[in-house]
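# Notes for the structure review
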Protein chains: 2
Amino acid sequence: MADWRTIAGGITAPRGYRAAGIAAGLKPSGLPDLALIVSDVEAIAAGVFTLSQVRAGCVDYCRQQLKTKAAAQAILCNSGQANASTGKQGWANTVESAQLVAQALGLAEGSVLIASTGVIGRQIPMEPLRQGIARIVPLLSEDASEAAAQAIATTDLVTKSIALEMDFDGRPVRIGGISKGSGMIHPNMATMLGFVTCDAAVSPGLWQDMLARAADRSFNQITVDGDTSTNDSLIAFANGQSRTPAITGPGPEAERLEAMLTQVCQFLAKAIARDGEGATCLLEIQVLGAANDTDARAIARTVAGSALVKSAIFGRDPNWGRIAAAAGRAGVMFEQDDLRIELGEHVLMDQGQPLGFDRAAASQYIVQQSAASVLPQSPTVISIAQANELLDAASEPPQTFLRPPMEAQCLEHPVVIRVGVGAGSGSGIAWGCDLSYDYVKINAEYTT
Amino acid sequence: MADWRTIAGGITAPRGYRAAGIAAGLKPSGLPDLALIVSDVEAIAAGVFTLSQVRAGCVDYCRQQLKTKAAAQAILCNSGQANASTGKQGWANTVESAQLVAQALGLAEGSVLIASTGVIGRQIPMEPLRQGIARIVPLLSEDASEAAAQAIATTDLVTKSIALEMDFDGRPVRIGGISKGSGMIHPNMATMLGFVTCDAAVSPGLWQDMLARAADRSFNQITVDGDTSTNDSLIAFANGQSRTPAITGPGPEAERLEAMLTQVCQFLAKAIARDGEGATCLLEIQVLGAANDTDARAIARTVAGSALVKSAIFGRDPNWGRIAAAAGRAGVMFEQDDLRIELGEHVLMDQGQPLGFDRAAASQYIVQQSAASVLPQSPTVISIAQANELLDAASEPPQTFLRPPMEAQCLEHPVVIRVGVGAGSGSGIAWGCDLSYDYVKINAEYTT
């Protein structure tokens, strides 16, 4: 079933999509902060959003729009201000932004979805935003996916982008996506944004179901620090421009499309986990033998989110006891005598009891995986404080601030922890990262 | 109702209790590692234990004993090995330990409860333990509560001990307690041990109910890092040696006793939170206006456990946005327009929106509270590695290794975050600590 190909182009790889990203002056750093994604024709639209009680107005706005009509044509996303905890003014700003984009593109009202990320409780500076909208629309192009990916980033060290292609009846269908992290990542759609474009023709209910299931196997299975945000949004368009036959119900075609969608979402989600604040490696927790997949995923998430496990991995310590303890408190029943724990090729524990294993070699496995997945370095560090200092001497943000893209190879060497909990057929995977000094440093020193 | 007095003596302050603590050679460091608490007569016994699926044999053993008969006369606790994930041999070692203590004290089998803390997956070295049991029994005394508190500690920087006294019908009733932390502290009875002695006469069901409610308002409301352990145990004896009238059902006497028990448990729990690994202050999250107390406690726990909130407090940053975001993801419904957040005297947010406030003064409040609650310094640091180095040159552990006791004043200056979520009557409190570089250092570098 995995007969897809990786292609270039990100969210503009599928047919009939254009994008743009600019620095509109919303971020104090002067870094890119406004992205626009547009489909040439109205697209079927699906969304998965934060479950937090404290939500940005744009989340309520998107939910409301998609409830009215599961279709849209554009997504506007600003970074710098989350527009959460901003009351009636924040809501009015969301509505005005959508209207301005609709006018500028000549679209019907309600065709534009809005996303925001950044500092909570600050109003978006509307005058720069209005000028930004006027400025970004003419820049829309089929080559600007990366510019959009740059513009949605906040503390991300790298941009996250992917596109896959697969043949249906001899014609290519494409799915592209971009995402941003990087702290506050957790199940229930933590501080993360994901935008997915697809050129297949799919019926609305089916597309929403596919996205929800893909999210449950990707974005909802990553954790950086357990904090879910006010703004988490995953929005996916399907615009039918591939000219392949419409997929209207379950069947092999729907399964193939969902598999490719899941793959896109998993890449974007894993990229967020790898780029977790302060992370030095990607953790992949595989759980097997649970009563069902839901149980397995819950155990995987709990292990991936354990501060003690994450600290141990940062210390390159094959500390199976902490893994066992985390698995045990996931709220899922299992027999502790069935517990088996592997770290890469090393079996640390079996039948609920520790085994003799080569501690140095197991530690070295973590070192190796980490070394094989080092992120591409930004030309300069990107802390807002440092950016501001440099910007005092430069009116335009120098290109050296821009983040390099996540490389696929960085995700191909996770530190794999495999946890067996019995003889059931349930399995699940979660992804996370280690907990380093830098996580504390980043989050103690910056107001986000 | 709060007409209790603080008295000296810890767990041996109530009448009819003796204790002892020794270094039995179970810990590689040579620090004290074996504690024994004995009631002169059989006591009503209640317990609250970890809910983890991966449990030490001693937890199952205690649960089984207390189910058979809600009475016991002694508690043996070792530190150094958790005796979790140790299979049949671990279980056999628990049973043998209980039998040896019962024999040495001339008690019936089943009168001795067992607790362990330390490294998971290591068998307790039984020969030193057997010799330790023979050695500790003759040392039992009414003056050795502190020795027991020393012996149950692991990475704790200070010992935790309290005793309160209150008059019932003109005669004193006393409750004493000791506890240990210090990482892996979380709701559901995280890695913590608490032992409580009381000389009132109470009926067994009532005593268990009191303890469960007290735990829900103390030990279950603290969090250091979200990790629940394999060994968490809170055990409380009531031996009737106060010679005050038996409390057999609900009423004013029961309420007074429960209030004092809750106070003891809260002191012991807060002491654990303040001594959380790497902590520089005690966080107290007060939640008001929820639909009920359970909801309020859940919100308080989530805020107290948020890595982002904890990092911000370590950075002395009055970051209300992170507090709002954490409250919003607690799984409790509320209207975000009702949200109010205070930090000490500073109102940061009201009616769901941020207020202008003196950021420097609010930051200074965190600095002040932290400075006023500095822990008493150990004469020397107590890392096992450092201890081992020093022990190479000394066959007996020098007294300078011993931890000073937690001082009450360290708990009197928490950093208070008050969160209002509506007009309901539900309220609740949780305690935690900040997340510092040292937390990562401690947990990355040591195998626990």
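Our subject is the structure listed above.
Quick notes on the rules
- Residues numbered from 1 in each chain as written.
- Chains lettered and ligands numbered in written order.
- Predicted model: local features only at pLDDT ≥ 70, side-chain atom pairs only at ≥ 80, totals over all residues.
- Heavy atoms only, no water.
- Helix = DSSP H or I, 4+ residues; strand = E, 2+ residues; numbered from the N terminus.
- Buried < 20%, exposed > 50% of the residue type's maximum accessible area, 1.4 Å probe, protein only.
- Contact = heavy atoms within 4.5 Å.
- Areas by Shrake-Rupley, 256 points an atom, 1.4 Å probe, with all protein chains shown as cover.
- Pairing = 2+ DSSP bridges.
- Axes fitted to C-alpha atoms, helices over the stretch in contact; angles between N-to-C directions.
- Expected span 1.5 Å × (residues − 1).
- Arc of directions from axis to C-beta.
- Right-handed = clockwise from strand over helix to strand, strands pointing away.
- Phe/Tyr/Trp six-rings, centres within 6.5 Å; stacked < 30°, edge-to-face > 60°.
- Lys NZ or Arg CZ within 6 Å of the ring centre and 35° of its normal.
- Parallel < 35°, antiparallel > 145°, perpendicular 65-115°, else oblique.
- Left-handed = near helix turned anticlockwise from the far one by under 90°.
- Nonpolar A, V, L, I, M, F, W, Y, C, P; charged D, E, K, R; others polar.
- Salt bridge = Lys/Arg side-chain N within 4 Å of Asp/Glu carboxyl O.
- Polar contact = N/O pair within 3.5 Å; in protein donor to acceptor, adjacent residues only side chain to side chain.

### Considering the overall build of chain A
Helices and strands together make up the secondary structure of chain A, namely twelve helices and 15 strands. With 448 residues in all, chain A has 63% of them scored as buried. Of the contacts formed within chain A by residues at least 6 apart in sequence, a portion of 81% connects residues at least 24 apart. In the form shown here, chain A has an accessible surface area of approximately 15300 Å², with 51% of it arising from carbon and sulfur atoms.

### Quick look at the sheet that holds strand β14 (residues 415-420) of chain B
Strands belonging to one sheet form pairs held by backbone hydrogen bonds; the direction of such a pair is parallel or antiparallel. Residue and element names in this part refer to chain B. Taken in spatial order, the six strands make up an open sheet running β13-β12-β11-β14-β10-β15, and their pairing is mixed. At either margin of the open sheet sits one strand with a lone partner, and together these are β13 (353-354) and β15 (426-433). For strand β12 (residues 346-350) and β13, the ladder comprises two bridges, and the chain directions are antiparallel. Bridged to Met349 within β13 is Pro354. Sheet strands touched by helix α6 (residues 252-274): β10 (282-290) and β15. Its angle to β15, the strand with the most contacts, is close to 45°.

### Observations regarding unusual backbone geometry
The phi torsion at Ser85 of chain A lies on the positive side, around 55°, for a residue other than glycine. Note on placement: Ser85 of chain A falls in the loop between β4 (71-81) and α2 (87-105).

### A word on helix α8 (residues 307-314) of chain B
All names here are of chain B. Buried residues dominate α8, accounting for eight of its eight residues. By the burial criterion, the buried members of α8 are Ala307, Leu308, Val309, Lys310, Ser311, Ala312, Ile313 and Phe314. Arg316, located one to two residues past α8, shows a positive phi value of around 55°.

### Notes on α2 of chain A
Residue and element names in this part refer to chain A. Spanning 19 residues, α2 covers 28 Å between terminal C-alpha atoms, matching the ideal 27 Å at 1.5 Å per step. Among all positions in α2, only Gly90, Asn93, Thr94, Ser97, Ala98, Val101 and Ala102 are buried. Projected down its long axis, α2 carries its buried residues within an arc of 165°, all on one side. Of the residues in α2, the exposed ones pointing more than 90 degrees away from the buried face are Lys88 and Gln103. In this structure, the buried residues of α2 make contact with β3 (34-49), α1 (57-68), β4, β5 (112-119) and α3 (126-136). Phi turns positive, to about 70°, at Gly106, one or two residues after α2.

### Some points on the pairing of strand β5 (residues 112-119) of chain B
Residues and elements named next belong to chain B. Of all the eight residues making up β5, seven are buried; the element is thus mostly covered by neighbouring parts of the structure. Alignment of strand β4 (residues 71-81) against β5, held across eight bridges, turns out to be parallel. The partner of Ile75 across the bridge, within β5, is Leu113. With helix α2 (residues 87-105) bridging β4 and its parallel neighbour β5, the resulting β-α-β unit is right-handed.

### Observations concerning the environment of Phe195 of chain B
All names here are of chain B. As for its placement among the helices and strands, Phe195 is situated in strand β8 (residues 193-198). Phe195 sits in the buried class, given a relative accessible area of 1%. For the pair Phe195 and Ala151, spaced 44 residues apart in sequence, the C-alpha to C-alpha distance is 13 Å. When near neighbours in sequence (up to four residues on either side) are disregarded, Phe195 contacts Ile11, Ile37, Ile75, Cys77, Ala115, Ile152, Gly176, Gly177, Ile178 and Ile235.

### Digging into the packing of aromatic side chains
Residue and element names in this part refer to chain A. One pass over the structure, following the stated rule, counts two aromatic pairs over all chains. Here the aromatic rings of Tyr61 and Trp91 are separated by 5.9 Å at their centres, their planes lie at 65°, and the arrangement is edge-to-face. Taken as a pair, Tyr61 in helix α1 and Trp91 in helix α2 lie far apart in primary sequence, 30 residues in all. Trp91 sits in the partly exposed class, given a relative accessible area of 31%. Sitting above the plane of the Phe168 ring, Arg256 keeps its charged end 4.6 Å from the centroid.

### Quick word on the sheet that holds strand β12 (residues 346-350) of chain A
Residue and element names in this part refer to chain A. One open sheet accounts for six strands, arranged β13-β12-β11-β14-β10-β15; its pairing is mixed. Lying at the two open borders of the sheet, with one neighbouring strand each, are β13 (353-354) and β15 (426-433). The pairing of strand β10 (residues 282-290) with β15 spans seven bridges and is antiparallel. Its bridge partner being in β15, Gln286 is matched across the sheet by Ile429. Sheet contacts for helix α10 (residues 359-372): β11 (340-343), β12 and β14 (415-420); angle to β14, the most-contacted strand, approximately 130°.

### Comments concerning the packing of helix α7 (residues 293-305) of chain A against helix α9 (residues 320-328) of chain A
Residue and element names in this part refer to chain A. Relative to each other, α7 and α9 sit at 135°, their axes nearing to 8 Å. The pairing of α7 with α9 is recorded here as oblique in orientation. As for how α7 packs across α9, the hand of that crossing is right-handed. Counting all contacts with α7, which are made through Ile299, Thr302 and Val303, the residues of α9 involved are Ile323, Ala326 and Ala327. Looking at the contact of α7 with α9 residue by residue, the classes come out as five nonpolar, one polar and no charged.

### Comments concerning the pattern of salt bridges
Under the criterion given, the structure shown has 34 salt bridges over all chains. Here Glu42 of chain A makes a salt bridge to Lys69 of chain A, at a shortest N to O gap of 2.8 Å. With Glu42 of chain A in strand β3 and Lys69 of chain A in the loop between α1 and β4, the pair connects residues that are 27 residues apart, well separated along the chain. In this structure Lys69 of chain A comes out as partly exposed when scored by relative accessible area, which is 44%. With a shortest N-O distance of 2.9 Å, Arg130 of chain B and Glu127 of chain B are connected by a salt bridge. On the criterion of helical spacing, the pair formed by Arg130 of chain B and Glu127 of chain B is a turn pair, its members being three residues apart in helix α3 (residues 126-136). Judged by its relative accessible area of 31%, Arg130 of chain B falls in the partly exposed class. With a relative accessible area of 43%, Glu127 of chain B lands in the partly exposed category. The network of salt bridges with common partners includes Arg5, Glu165, Asp167 and Arg174 of chain A.

### Quick word on the environment of Glu258 of chain A
All names here are of chain A. Within the element layout of this structure, Glu258 appears in helix α6 (residues 252-274). For the pair formed by Glu258 and Ala214, sequence separation is 44 residues and the distance between their alpha carbons is 7.4 Å. Discounting residues that sit within four places of it in the chain, Glu258 has contacts with Met210 and Arg213. Within the structure, Glu258 has its side chain in polar contact with the side chain of Arg213 (distance 2.8 Å).

### Quick look at the environment of Gly428 of chain B
The topology assignment puts Gly428 of chain B in strand β15. Among all residues touching Gly428 of chain B, those that are not within four sequence positions of it are Ile285, Gln286, Val287, Ala296, Arg297 and Ala300 of chain B.

### Regarding the side chain of Ser179 of chain B
Residues and elements named next belong to chain B. Relative to the assigned elements, Ser179 resides in strand β7 (residues 171-180). You can call Ser179 buried: its relative accessible area is 2%. At a separation of 3.2 Å, a polar atom in the side chain of Ser179 contacts the main-chain carbonyl oxygen of Leu268. Apart from residues no more than four positions distant in its own chain, Ser179 is found in contact with Ile152, Lys160, Leu193, Gly194, Phe219, Leu268 and Ile272.

### Things to note about the packing of helix α1 (residues 57-68) of chain B against α2 of chain B
All names here are of chain B. One way to put it is that α1 packs onto α2 with a least axis distance of 8 Å and a crossing angle of 50°. Taken together, the axes of α1 and α2 are oblique relative to one another. Here α1 and α2 pass one another in a crossing that is right-handed. For the pair formed by α1 and α2, the contact residues are Gly57, Cys58, Asp60, Tyr61 and Gln64 on the first element and Trp91, Thr94, Val95 and Ala98 on the second. A per-class count over the contact of α1 with α2 returns five nonpolar, three polar and one charged.

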